[in-house]
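An overview of the molecular structure
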Amino acid sequence: MIEVHATAKNLLGMPAARFLREYWQKKPLLIRNAFPDFVSPIEPEDLAGLACEEAALSRIVQHDRAQDRWTLRSGPFQEEEFPGMPDHDWTLLVQDVDKWDADVRQLLRHFDFLPRWRLDDIMVSFAATGGSVGAHVDQYDVFLLQAQGQRHWWIDAGPNPPTAFRDDAELKLLRQFTATHDWVLEPGDMLYLPPGVPHHGVAVNPCLTFSFGMRAPSSAELIGDYLDTLVADADEAIRYHDEDLAPPKDPNEIDAAAMARVVEALNALRMNDPDKLGDWFGRFITTYRASGEVMPAQESRSRIEIEWDLGQGAVLQRHPFSRLAWRRRKRGACLFCNGGDYALPIADAQRIAAAEAVDGAAYAALSESGRDTIIALMAQGHYQLLLGDED
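The present account deals with the structure reproduced in this document. (Residues numbered from 1 in each chain as written. Predicted model: local features only at pLDDT ≥ 70, side-chain atom pairs only at ≥ 80, totals over all residues. Heavy atoms only, no water.)

1. A word on the overall build of the protein chain
Let me state the cut-off plainly: Counting from the N terminus, the helices are the DSSP runs of H or I reaching at least four residues and the strands are the DSSP runs of E reaching at least two. When accessible area is computed with a 1.4 Å probe and restricted to protein chains, residues below 20% of their type maximum are described as buried, those above 50% as exposed, and intermediate ones as partly exposed. The contact definition used throughout considers only heavy atoms, calling two residues in contact when any of these lie within 4.5 Å. Methods summary: accessible areas were calculated by the Shrake-Rupley approach with a probe of 1.4 Å, and residue burial reflects only the protein chains presented. In this tally, Asp and Glu contribute negative charge and Lys and Arg positive charge; neither His nor the terminal groups of the chain are included. To locate a charge, take atom NZ for lysine, CZ for arginine, CG for aspartate or CD for glutamate.
Along the backbone of the protein chain there are eleven helices and 18 strands. Its C-alpha atoms give the protein chain principal-axis dimensions of about 75 × 70 × 45 Å. Classification of the 391 residues of the protein chain by burial places 44% in the buried group. Residue pairs in contact within the protein chain that sit at least 24 positions apart in sequence constitute 77% of those at least 6 positions apart. In the structure as shown, the protein chain presents an accessible area of about 20,700 Å², 52% of it carried by carbon and sulfur atoms. If the 38 positive side-chain charges of the protein chain are averaged to one point and the 61 negative ones to another, these points end up 7 Å apart.

2. Describing the nonpolar core
Going by this rule: By nonpolar core we mean a set of buried residues, namely Ala, Val, Leu, Ile, Met, Phe, Trp, Tyr and Cys, connected to one another through side-chain atoms within 4.5 Å.
Among the nonpolar cores identified, the biggest contains 47 residues, and F19, L92, F143 and F210 are the most heavily contacted of them. Listing elements by their share of this core, those giving two or more residues are β2 (29-32), α2 (44-51), β5 (90-94), β6 (119-127), β7 (142-148), β10 (190-193) and β12 (207-214). The contacts of F19, once residues within four sequence positions are left out, are L12, M14, W24, L29, F113, F143 and Y192.

3. Points about the state of the cysteines
Selection criterion: Disulfide assignment relies on a single distance test, namely cysteine sulfur atoms paired within 2.5 Å.
All told, the structure shown has zero disulfides when counted by the stated rule. Left unpaired, C52 is separated from the closest cysteine sulfur, that of C207, by 20 Å. With no disulfide of its own, C337 lies closest to C334 among cysteine sulfurs, the gap being 12 Å.

4. Focus: the sheet that holds strand β17 (residues 357-359)
In plain terms, the rule: Should DSSP find at least two bridges between two strands, the strands are regarded as paired. Axis lines are fitted to C-alpha atoms, over the contacting stretch for helices. Their N-to-C directions set the angle, which ranges from 0 to 180 degrees.
What the three strands build is an open sheet, ordered β17-β13-β18; its pairing is antiparallel. Every interior strand has two partners, whereas the edge strands, β17 and β18 (383-386), have only one. Here the average twist between neighbouring strands, direction ignored, is 25 degrees. Pairing between strand β13 (residues 315-318) and β17: three bridges, direction antiparallel.

5. Structural notes on the environment of E293
By the element assignment, E293 lies in the loop between α7 (274-285) and α8 (303-311). For the pair E293 and S322, spaced 29 residues apart in the sequence, the C-alpha separation amounts to 8.7 Å.

6. Focus on the packing of aromatic side chains
Rules: Two rings belonging to Phe, Tyr or Trp (six-membered ring only in the last case) form a pair when the distance between their centres is within 6.5 Å. Interplanar angles under 30 degrees mark stacking, angles over 60 mark edge-to-face geometry, and anything in between is tilted.
Evaluated as defined, the whole model comprises 22 aromatic pairs. Measuring from centroid to centroid gives 6.0 Å for F19 and F113, while their planes differ by 80 degrees, and the two rings are edge-to-face. Of this pair, F19 sits in helix α1 (residues 16-22) while F113 sits in the loop between α4 (102-105) and β6, placing them 94 residues apart in sequence. Overall, F19 belongs to the buried group, its relative accessible area being 0%.

7. So, helix α5 (residues 219-233)
Here is the rule: Each residue after the first adds 1.5 Å to the expected span of a helix. Throughout, the arc means the angular range of directions from the helix axis out to the C-beta atoms.
Over its 15 residues, α5 extends 21 Å from the first C-alpha to the last, a length consistent with the 21 Å expected when each residue adds 1.5 Å. Of all the residues in α5, the buried ones are Y226, T229 and L230. The arc that holds every buried residue of α5, seen down its axis, measures 100 degrees, which confines them to one face. In α5, the exposed residues that point more than 90 degrees away from the buried face are A220, D228, V231 and A232. Contacts made by the buried residues of α5 are with α6 (256-269) and α7.

8. Points about the sheet that holds strand β9 (residues 181-185)
Reading across the sheet, the three strands line up as β9-β8-β11 and stay open at both edges, with antiparallel pairing between neighbours. Two strands close off the open sheet at either side, each with one partner strand: β9 and β11 (199-203). Along the sheet, successive strands turn relative to each other by an average axial angle of 15 degrees, direction set aside. Note that strand β8 (residues 151-155) and β11 share five bridges and pair antiparallel. Within β11, the position partnered with I155 by the bridge is H199.

Written out as structure tokens, the structure is:
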């Protein structure tokens, strides 16, 4: 089964546990009417305006069908460019729209069947009729929600599909693509694709598509950051040693015994402590593919003033670029925020990571160390104080 209909009870057309067991990272799934009567929280004009922002990551892909030539331009773009665009064969893509639009960000709550730290961003694309980014393959899971208009999708769900890229385009387009399935998605329909499934989408008419992408660091990225941490924390006293050295048969040979000692020296550098390893990963994953830098507020308020304001109805709103996660430790928990870590009681770590906003009651419910952490994060710019007339 590769196509299902969602129900009022199940967004995925089945219990989340079954989806994760049978489809997640295994095979594609088209979910009809996953978001019934869906109304897009953003319009094409809004997306175009966002693409003009200096800090937004935006691209335009155009396709010359006559010559099968693809062109890619990166933003920011000028507002006057869009009225002159043709009515066919181009696509505007903007990353991290959930960081810029609170209504778009609210859609993430529908994906709580996945770890929140696995969700990377919501990319929104507008395509004119015939618009596409070509046949390609992603190395991460993605949910493709049709928001406006119709898009025709083709996928290759066969075993071992060809994944060689064309060498005549800036984009990583597939040299060969043969579809095994195709559908036209209507607003509210959603297509799930695990990593490595070739796919190709073309706008039937002007349309908006939301792409919910996952964080999936490569082994090279994981190893690179892990080694940087090992090197920074390495004990200079741990060195290659050979107190068991015997006279070599050939003094110029690096023999098996020497290599065994090398392996022993490297093993001594590993993070054998689960808390150290977990803390490294928490710092890494909350900074991986960061969408922007969080800066401290220029005007700072004293802690007494902040706590007074919270008691009078003010709210601390989390910065949209701030990524939080937490993990249990041997004792208590560790909260991670954009690469920083904070030792906390488990209840505090859970509450802070889950809360987009902290009001006076939520702040008062934290332990002293939890309140200390909130104040420290606010000083770094991760929270903005909204007074009663500002929220």
